[in-house]
Amino acid sequence: KPFKRILLTGAAGGLGRILRERIKPWAEIVRLSDISDMGAAQAGEEVVQCDLADKAAVHALMEGVDVVLHFGGISTENNFEAIMTANIQGTYNIYEAVHKAGVKRVVFASSNHAVGYYKTTDYIDANSPRRPDGMYGISKCFGEDLSRYYYDRFGIETVCLRIGSSFPEPINKRMLVTYFSYDDLVEMLRCCLFTPRVGHTIAFGMSDNPASWWDNRYASHLGYQAKDSSTQFTHKFPDSGDYPEKDDITTIYQGGGFLLTGPQYK
Ligand code: NAI
Ligand code: 15L
């Protein structure tokens with residue numbers, strides 16, 4: 001197998017539970033970590049339950065690891081203190097541990113909410129200035145900058161994957177644009193891990209959807225090609241008026257419903 005050991009953080013989460021099975025062919029051992037229960041280790045697995053904010057635990061977690069898929073952390077908007085601990089402190093701990101352990105490459109699960117304040121009429125690429133739509137998005141911007149620093153300073157490669165909406169299927173009209181099927185996610189991760197040189201790359205994680213807000217030109221070296229599309233779900237969300245709808249910020253901005261969850265709405 002290509003790697004001796006892959007570390008997957010966030011292994012108890014929605015994507016972690018999918019990836020747990022799907023990344024097995026890539027490594028002799030998949031080390032799974034989360035703050036929540038992950039069940040017993042299966043063949044070819046190691047299970048390490050810990051808080052990303054626990055520096056000593058994260059450093060121990062990294063021993064013997066070749067590559068990291070960093071999916072752990074708070075995945076929706078929350079108060080700053082919670083985001084700071086899990087996502088900011090947690091991602092810092094991951095990178096310090098990565099550096100100390102000599103890990104060569106990380107895939108960081110960033111998010112479309114790093115750019116959620118662009119409009120749904122905008123078309124952006126990885127060089128467009130970030131426009132986070134809340135504390136959660138800000139923490140993803142932090143992770144993107146942190147990983148760039150560790151690349152510039154130490155040569156540790158990272159792909160920051162700005163995931164759109166990776167769920168079994170779109171659950172609203174917005175997700176017809178942001179949909180990222182599980183199969184396409186796995187294919188993207190394969191590209192992120194096996195492309196010979198990735199440097200520091202920002203890629204958008206999306207399927208081949210009929211409409212898009214994101215241009216993946218600066219990730220073309222990954223060779224990722226989506227196989228799925230949200231087209232098959234279009235009929236579930238028939239046109240009900242203008243899109244974006246006037247005065248509805250959840251359709252005016254790319255971040256959708258997250259625009260209603262920031263601190264200003266408390
Ligand atoms: P999720 O919320 O289901 O999973 C995240 C996991 O991280 C959870 O199992 C949680 O227990 C764990 N976690 C939270 N705080 C932690 C801490 N302090 N220490 C250790 N573990 C902790 O989220 P999901 O959907 O699986 O997303 C995975 C990653 O991908 C997240 O980083 C999320 O921000 C990112 N992402 C996901 C998208 C999606 O469409 N599913 C879209 C954009 C980004
Ligand atoms: C995210 O960043 C979240 O982690 C996920 O739960 C979805 O809300 C997704 O973005 C989205 O924008 O649909």
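Parameters and conventions
Residue positions are given per chain, counting from 1 as you read along its sequence in written order. Labels follow written order: the first chain is A, the first ligand is 1, and so on. With pLDDT at 70 or above as the cut-off, local features in this predicted model cover only qualifying residues; side-chain atom pairs require 80 or more to be listed or tallied, and sums for whole chains, interfaces and linings still use all residues. With C-beta atoms placed from the backbone, the exposure class of a residue follows from how many other C-beta atoms lie within 10 Å of its own: 20 or more, buried; 12 or fewer, exposed; in between, partly exposed. Numbering of helices and strands runs from the N terminus; a helix is a DSSP stretch of H or I covering at least four residues, while a strand is a stretch of E covering at least two. By construction, the arc corresponds to the directions joining the helix axis to the C-beta atoms. What pLDDT expresses is the predictor's confidence in each residue, scored from 0 to 100. Paired strands, in this sense, are two strands between which DSSP finds at least two bridges. With axes taken as lines fitted to C-alpha atoms, and helix axes fitted only over the stretch in contact, angles between N-to-C directions fall between 0 and 180 degrees. Contact between two residues is assigned whenever their backbone-derived C-beta positions fall within 7 Å. When buried Ala, Val, Leu, Ile, Met, Phe, Trp, Tyr and Cys residues are joined through C-beta atoms within 7 Å, the set is termed a nonpolar core. With respect to orientation, any angle under 35 degrees is reported as roughly parallel, any angle over 145 as roughly antiparallel, any angle of 65 to 115 as roughly perpendicular, and every other angle as oblique. Note on convention: near helix rotated counterclockwise from far helix by under a right angle means a left-handed crossing. Clockwise means right-handed. Basically, the charged four are Asp, Glu, Lys and Arg, the nonpolar ten are Ala, Val, Leu, Ile, Met, Phe, Trp, Tyr, Cys and Pro, and anything else, Gly included, counts as polar. We count a residue as near a molecule or strand when its backbone-placed C-beta atom lies within 6 Å of that partner.

Visitor: How should I be thinking about helix H1 (residues 14-22) in this particular structure?
Guide: Count 3.6 residues to each turn of an α-helix, and residues three or four apart come out pointing the same way. Buried within H1 we find Leu 15, Gly 16 and Leu 19. Buried residues of H1, seen end-on, are gathered within an arc of 95° and therefore sit on one face of the element.

Visitor: Which parts of the structure should I look at to understand the confidence of the model for the protein chain?
Guide: Residues with a pLDDT of 70 or more make up 97% of the protein chain, whose mean pLDDT is 96. With pTM at 0.97, the complex prediction returns an ipTM value of 0.99.

Visitor: I would appreciate a short explanation of the sheet that holds strand E1 (residues 3-9) in the present structure.
Guide: Strand pairing in a sheet relies on backbone hydrogen bonds, with the paired strands running either antiparallel or parallel. Read from one edge to the other, the open sheet built from 7 strands follows the order E3-E2-E1-E4-E5-E7-E8, with strand pairing classed as parallel. Both edges of this open sheet fall to strand E3 (45-49) and strand E8 (200-205), since each of them pairs with a single strand only. Looking at each pair of strands side by side, their axes are set apart by 20° on average, direction ignored. Pairing analysis gives 7 bridges linking strand E5 (residues 105-111) to strand E7 (residues 157-163), with the strands arranged parallel. Within E7, the position partnered with Val 107 by the bridge is Val 159. Along the sheet face, helix H4 (residues 135-154) touches E5, E7 and E8 and points at about 155° away from the line of E5. Where helix H6 (residues 182-194) meets the sheet, it contacts strand E4 (67-70), E5, E7 and E8, and its direction lies at approximately 140° from that of E5.

Visitor: Would you mind going over the nonpolar core with me for this structure?
Guide: Side chains of a nonpolar character, in soluble globular proteins, are inclined to be buried together. Core analysis: the largest hydrophobic core is formed by 63 residues, its most contacted members being Leu 8, Val 68, Val 98, Val 107, Leu 161 and Cys 192. Here this core takes 7 residues from helix H3 (residues 80-101), the largest share from any one element.

Visitor: I tried to follow the environment of Glu 28 on my own but got confused; where do I start?
Guide: Topologically, Glu 28 is positioned in strand E2 (residues 27-34). Exposure remark for Glu 28: the 13 C-beta atoms within 10 Å place this residue in the partly exposed category. Through-space distance from the C-alpha of Glu 28 to that of Ile 6 is 8.3 Å; in sequence the pair is 22 residues apart. Setting aside residues up to four positions removed in sequence, Glu 28 forms contacts with Lys 1, Lys 4, Arg 5 and Gly 44.

Visitor: Quick question: what am I supposed to make of the packing of H3 against H4 here?
Guide: In helix packing, the relevant descriptors are the interaxial angle and the interaxial distance, both defined with respect to the helix axes. Where H3 meets H4, the closest approach of the two axes is 10 Å, and the angle between their N-to-C directions is 15°. Relative to H4, the element H3 lies roughly parallel. Regarding H3 and H4, the two cross each other, and that crossing is right-handed. Here Phe 80, Ile 83, Asn 87, Ile 88, Thr 91, Tyr 92, Tyr 95 and His 99 of H3 lie close against H4, whose contacting residues are Met 135, Tyr 136, Ser 139, Phe 142, Gly 143, Leu 146, Ser 147, Tyr 150 and Phe 154. Each residue belonging to the contact of H3 with H4 can be placed in one class, and the counts come to 11 nonpolar, 6 polar and no charged.

Visitor: Would you take a moment to explain the site of ligand 1 for this structure?
Guide: As a structural note, the neighbourhood of ligand 1 is formed by 25 residues, with Gly 13, Leu 15, Ser 75, Ala 109 and Ile 163 the closest of them. Taken together, the elements giving at least two residues each to the shell around ligand 1 come down to H1, H3 and E5. Sorting elements by how many residues they give to the shell around ligand 1 places H1 first, with 3 residues. Residue composition of the shell around ligand 1, by class: 11 nonpolar, 12 polar and 2 charged.

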